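Summary of structural features
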Amino acid sequence: MAYEKLKEEIILYSKEIGIDKIGFASAAPFSQLKARLEEQQELGYASGFEKGTIEERTEPTRLMKGAESIIAIALAYPTRIKNGPKSVKGDRRGMFCRASWGTDYHIVLEEKLTKLADFINQKIDGFAYRSMVDTGELSDRAVAERAGIGFSGKNTLMISPELGSYIYLGEMITNIPFQPDLPLDDGCGDCTKCLDACPTGALVEPGRLNAQQCLAFLTQTKGFMPDEHRDKLGNLIYGFETCQVVCPYNKGVDLHYHKEFEPDPDLVKPRLVDLLKITNREFKEKFGKMSGSWRGKKPLQRNAILALAHYKETSALGELIRLMEEDPRPVIRGTAAWAIGKIGIEEGFEKIKEAMVKENDKEVIEEMKKGLAFQK
Ligand code: SF4
């Protein structure tokens, strides 16, 4: 079969450059996905972070003329921090989810895909390709599923039987008609652990996510956190992974295959109060290389305030009062007012009342009222 040898060489080379799993799929339209995406949109379940039209997201030939196949890759990331700093009363720390540890995975996977493309380029003439990682039009999960990287779990994530679901995915559309690999069988069976554990009911049915209710998505929004979800984040300031933590395929999985993804304990568990004081420049220098910084500092600061409220961290009261009184961003002023109320100290309630007299923003005033409602 033509290109069979090249495919074998690519697989061998992929191991050399640290790709943990590779698969090949046809570039035919993703018709089932198309119907599903249309449904998601109609139901209002989409996140709004998706790139491109539904047609572009499901028809590879719209993204690259002459598309014949798609090469899918997966890289595993670690799940445990060695010697992480403790979060204790008076010195509370937040937590970035595992997918955000280490160097931004977009950079790492794009480098691997570029190496792979250079390798193929040396082997044949007329090679054309287009790579993408997460933020491209294609659904990484649908491609990986078709290429046999894993199966799509009821938690809507790609699960590799060998690596679990703590994996990053990327793909390369090519003009070479590689022999496709076979998709894997569904591996969830009767299990419903992820659906049962989701604290917001965002997994509305097996394999269907309402992104608008998903805490991982909500940690990345820039507005106010919906009231009913404020207590559910604990100390998480970016991402949410309960549907992965409970999955039996991830039990005991902690793969340290790539030095780039090793967490810096102080970065992935930052001091919450320090995060509230950080300047734009310091934020860029410190967190700029992490994927969790992609929405800027505001959502992380809002979440840090919610985490301090969760802990009822009285030592943070002074900083929260400063934010409520002085921060130019209504979301931060309002969330700080709510958190001060939740902490529940008399001095805090008095400060909310004083600030409310001077506040002009309607939404912030609403948050101040909610803060005062904690007063018994
Ligand atoms: Fe599938 Fe169970 Fe994992 Fe959910 S928790 S993805 S149902 S195996």
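Cut-offs used in this document
- Residues numbered from 1 in each chain as written.
- Predicted model: local features only at pLDDT ≥ 70, side-chain atom pairs only at ≥ 80, totals over all residues.
- Helix = DSSP H or I, 4+ residues; strand = E, 2+ residues; numbered from the N terminus.
- Rg over C-alpha atoms; globule rule 2.2 N^0.38 Å.
- Buried ≥ 20, exposed ≤ 12 C-beta atoms within 10 Å, placed from the backbone.
- Contact = placed C-beta atoms within 7 Å.
- Domains from an automatic or database assignment.
- Pairing = 2+ DSSP bridges.
- Axes fitted to C-alpha atoms, helices over the stretch in contact; angles between N-to-C directions.
- Core = buried A, V, L, I, M, F, W, Y, C linked by C-beta atoms within 7 Å.
- Parallel < 35°, antiparallel > 145°, perpendicular 65-115°, else oblique.
- Left-handed = near helix turned anticlockwise from the far one by under 90°.
- Near = placed C-beta within 6 Å.
- Nonpolar A, V, L, I, M, F, W, Y, C, P; charged D, E, K, R; others polar.
- pLDDT = per-residue confidence, 0-100.
- Expected span 1.5 Å × (residues − 1).
- Arc of directions from axis to C-beta.

Another aspect to go through is the overall build of the protein. A count of helical and extended segments in the protein gives 17 helices and 10 strands. The C-alpha radius of gyration of the protein comes to 23 Å, within 12% of the 21 Å expected for a compact globule of 376 residues. Out of the 376 residues belonging to the protein, those deemed buried represent 41%. In the protein, 78% of the contacts between residues at least 6 apart in sequence involve partners at least 24 apart.

A few words now on the domain arrangement of the protein. Partitioning the protein into domains gives domain 1 (4-79 + 99-174) and domain 2 (193-372). For domain 1 and domain 2, the distance between their C-alpha centroids amounts to 30 Å. On the domain 2 side, the residues contacting the 32 residues of domain 1 number 32 residues. Mapped by element, the contributors of at least two residues to the side of domain 1 that touches domain 2 are strand 2 (69-76) and helix 5 (105-123). The dominant element in the side of domain 1 that touches domain 2, judged by the number of residues it contributes, is helix 5, at 3 residues.

So, about the environment of Arg146. Within the element layout of this structure, Arg146 appears in helix 6 (residues 140-146). Since 24 C-beta atoms lie within 10 Å of it, Arg146 is described here as buried. It is 49 Å that separates the C-alpha atoms of Arg146 and Leu323, two residues lying 177 residues apart in sequence.

So, about the sheet that holds strand 2. Adjacent strands of a sheet pair through backbone hydrogen bonds, lying either parallel or antiparallel. Across the sheet, 4 strands lie side by side as 1-2-7-4; this open sheet has antiparallel pairing. Two strands bound the open sheet, and with one partner strand each, they are strand 1 (21-26) and strand 4 (129-132). Strand-to-strand, the axes of this sheet are offset by a mean angle of 20°, without reference to chain direction. In the packing of helix 5 onto the sheet, the strands contacted are strand 2, strand 4 and strand 7 (167-174), and the crossing angle to strand 7 comes to about 35°.

If you look at the biggest cluster of nonpolar residues, it comprises 98 residues, and the most contacted ones within it are Ala72, Leu75, Leu308, Leu320 and Ala339. Lining this core are residues from two domains, each supplying at least three of them: domain 1 (4-79 + 99-174) and domain 2 (193-372).

Helix 16 (residues 346-358) packs onto helix 15 (residues 330-343) with a crossing angle of 150° between their chain directions and a minimal axis gap of 8 Å. The angle between the axes of helix 15 and helix 16 places the two elements in the roughly antiparallel class. The way helix 15 lies across helix 16 gives a crossing that is left-handed. Touching Ala337, Ile340, Gly341 and Ile343 of helix 15 are Gly348, Phe349, Lys351, Ile352 and Ala355, all from helix 16.

Every residue lining the ligand is accounted for by Gly153, Lys154, Asn155, Cys188, Cys191, Thr192, Lys193, Cys194, Val246, Cys247, Pro248 and Tyr249. Partitioning the shell around the ligand into residue classes produces 7 nonpolar, 3 polar and 2 charged.

A separate point is the confidence of the model for the protein. Averaged over every residue, the pLDDT of the protein is 95; residues scoring 70 or more account for 100%. This complex was scored by the predictor with a pTM of 0.93 and an ipTM of 0.99.

Another aspect to go through is helix 5. For helix 5, with 19 residues, the first-to-last C-alpha span of 27 Å sits near the 27 Å given by 1.5 Å per residue. Within the sequence span of helix 5, burial applies to Tyr105, Val108, Leu109, Lys112, Leu113 and Leu116. For helix 5, the angular spread of buried residues about the axis comes to 130°, placing them on one side. When the buried face of helix 5 is taken as reference, the exposed residues oriented beyond 90 degrees from it are Ile107, Asp118 and Gln122. Taken together, the buried residues of helix 5 touch helix 1 (4-16), strand 2, strand 4 and strand 7.

This next bit is on the pairing of strand 7. Where burial is concerned, most of strand 7 is hidden: 8 out of the 8 residues are buried. Burial along strand 7 is two-sided: Ile167, Leu169, Glu171 and Ile173 and Tyr168, Gly170, Met172 and Thr174, pointing in opposite directions, are all buried. The sheet contact formed by strand 4 and strand 7 spans 4 bridges and is antiparallel. Across the sheet, residue Arg130 finds its bridge partner in strand 7, namely Ile173.

To continue, consider the packing of helix 1 against helix 5. Across the interface, helix 1 lies against helix 5 with an axial gap of 11 Å and an inter-helix angle of 145°. Where helix 1 crosses over helix 5, the two elements pack in a sense that is right-handed. Here Leu6, Glu9, Ile10, Tyr13 and Ser14 of helix 1 lie close against helix 5, whose contacting residues are Leu116, Phe119, Ile120 and Lys123.

With that settled, the discussion passes to the environment of Lys362. With respect to the helices and strands, the residue Lys362 is situated in helix 17 (residues 362-372). Along the backbone, Lys362 and Gly334 are 28 residues apart, and their C-alpha atoms lie at a distance of 9.7 Å.

Before going further, it helps to examine unusual backbone geometry. A positive phi is found at Asn83, a non-glycine position, where the angle reads about 55°. By secondary structure assignment, the location of Asn83 is in the loop between strand 2 and strand 3 (95-96). Looking at Asn83, the number of C-beta atoms within 10 Å reads 5, which means it is exposed. Even without being glycine, Asp134 reaches a positive phi, approximately 65°. Structurally, Asp134 is set in the loop between strand 4 and helix 6. The exposure class of Asp134 is partly exposed, given the 18 C-beta atoms found within 10 Å.

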